[in-house]
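Listed below, chain by chain, are the residues.
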Amino acid sequence: MKWTNENGYDWCEVLDIDSMVGRLLQPDLRPGKWAGEDIRKAMGYFTKDNRRHGDQRRGVTLVHNDLQGTAGMSPGISVSFQPILPGEKLAFHRHNYVAIYYWIEGEGYTCNDDEGIDREETRVYWKAGDVTISPAWVNHAHVVTSEEPVIQLAIHDFPDLCFRRAMLSEDPDGHENLRHMVKGVVPSFNNLDTAEDLRQRSQKISLTSASK
């Protein structure tokens, strides 16, 4: 039976459930590899003076181009690497996606404090090889205590929230910086960004890697 929707819109369609489910399924992803030397080379473009903001994060993320309609390493999941230099602090911020961190190099601590206060009782100290978690919507900041740079691997589920138009963030900390990530409404997850910033910022770096 062929269905019609004569009184609706051209982009609105009536489907049987099985056909709808078929559209939901992502294509099979090919096994992938992101070379460590490429990741480190990309991170090397970000120096003390060349970063997104004076007190905010820098880093690179891994994307599997077999994904359709979204971005990330796997459906719903993102994996990012971030260098943090000695003496730096990544300011308090929060988001409604979970943050799982594997600390590859360096030492420091993450302060998980909903009031945005760096105090001993809310610090989680870490060193190379440790794994920590900052649950969804917990206000957190990262501080480097080692003399060598820190390299952080972060796993997030924010692609899934963005796909559902449900991602929220306060970055930097403060309710005045609450953002609902919806295309065409906000230019970036960080409230320090404006549309003009994204067009003009001199330290903005576009990184792509070509497959061999």
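Preceding block: the structure.
To start, this report covers the structure provided alongside it. (Residues numbered from 1 in each chain as written. Predicted model: local features only at pLDDT ≥ 70, side-chain atom pairs only at ≥ 80, totals over all residues. Heavy atoms only, no water.)

**Observations regarding the packing of aromatic side chains**
Piece 1. As enumerated under the stated definition, the model contains four aromatic pairs in all.
Piece 2. Ring centres of W103 and W126 lie 3.6 Å apart, and the angle between their planes is 5°; on these two criteria the pair is classed as stacked. Of the two residues, W103 is situated in strand 4 (residues 99–105) and W126 in strand 6 (residues 123–127); the sequence distance between them amounts to 23 residues.
Piece 3. Pairing Y109 with Y125 gives two aromatic rings, centres 5.3 Å apart and planes at 55°, and the pair type is tilted. Of this pair, Y109 sits in strand 5 (residues 107–112) while Y125 sits in strand 6; the two residues are 16 residues apart in sequence, bridging distant segments of the chain. (Phe/Tyr/Trp six-rings, centres within 6.5 Å; stacked < 30°, edge-to-face > 60°. Helix = DSSP H or I, 4+ residues; strand = E, 2+ residues; numbered from the N terminus.)

**Here we look at helix 1 (residues 17–24)**
Piece 1. Taken across its eight residues, helix 1 has zero buried, putting it largely on the surface.
Piece 2. At the N-terminal end of helix 1, a side-chain oxygen is found 3.2 Å from the backbone nitrogen of D18, two or three residues along, and the residue is D16. (Buried < 20%, exposed > 50% of the residue type's maximum accessible area, 1.4 Å probe, protein only. Polar contact = N/O pair within 3.5 Å; in protein donor to acceptor, adjacent residues only side chain to side chain.)

**Points about the sheet that holds strand 9 (residues 150–156)**
In sheet architecture, strand pairing relies on hydrogen bonds along the backbone and comes in two forms, parallel and antiparallel.
Piece 1. Spatially, five strands are ordered 1-2-9-4-7 in an open sheet, and the strand pairing comes out antiparallel. With one partner strand each, in any of the chains shown, strand 1 (60–62) and strand 7 (131–134) form the two edges of the open sheet. Each strand axis lies, on average, 25° off the axis of its neighbour in the sheet, ignoring direction.
Piece 2. Pairing analysis gives seven bridges linking strand 2 (residues 78–84) to strand 9, with the strands arranged antiparallel. Within strand 9, the residue paired with F81 across the bridge is L153. (Pairing = 2+ DSSP bridges. Axes fitted to C-alpha atoms, helices over the stretch in contact; angles between N-to-C directions.)

**Thoughts on the sheet that holds strand 6**
Piece 1. Spatially, six strands are ordered 6-5-8-3-10-11 in an open sheet, and the strand pairing comes out antiparallel. Because the sheet does not close on itself, it has two edges, and the strands there are strand 6 and strand 11 (178–180). Taking the axes of each pair of neighbouring strands and ignoring which way they run, one obtains an average angle of 25° across the sheet.
Piece 2. Pairing geometry for strand 5 and strand 6, over five bridges, is antiparallel. Directly across from Y109, in strand 6, lies its bridge partner Y125.

**So, the pairing of strand 2**
Piece 1. Of all seven residues in strand 2, seven are buried; the element is thus mostly enclosed.
Piece 2. Across the two faces of strand 2 the burial is the same, with S78, S80, Q82 and I84 and V79, F81 and P83 all buried.
Piece 3. Pairing geometry for strand 1 and strand 2, over three bridges, is antiparallel. Within the sheet, the bridge partner assigned to V60 lies in strand 2 and is F81.

**With respect to the pattern of salt bridges**
Piece 1. Applying the stated rule across the entire model yields 12 salt bridges.
Piece 2. When the shortest N-O distance is used, the salt bridge between E120 and R123 registers 3.4 Å.
Piece 3. Among the salt bridges present, the one from K127 reaches D130, with a minimum N-O distance of 3.8 Å.
Piece 4. When its relative accessible area of 45% is taken as the criterion, K127 is described as partly exposed.
Piece 5. Through salt bridges with shared partners, a single network forms among R94, D114, E170 and D173. (Salt bridge = Lys/Arg side-chain N within 4 Å of Asp/Glu carboxyl O.)

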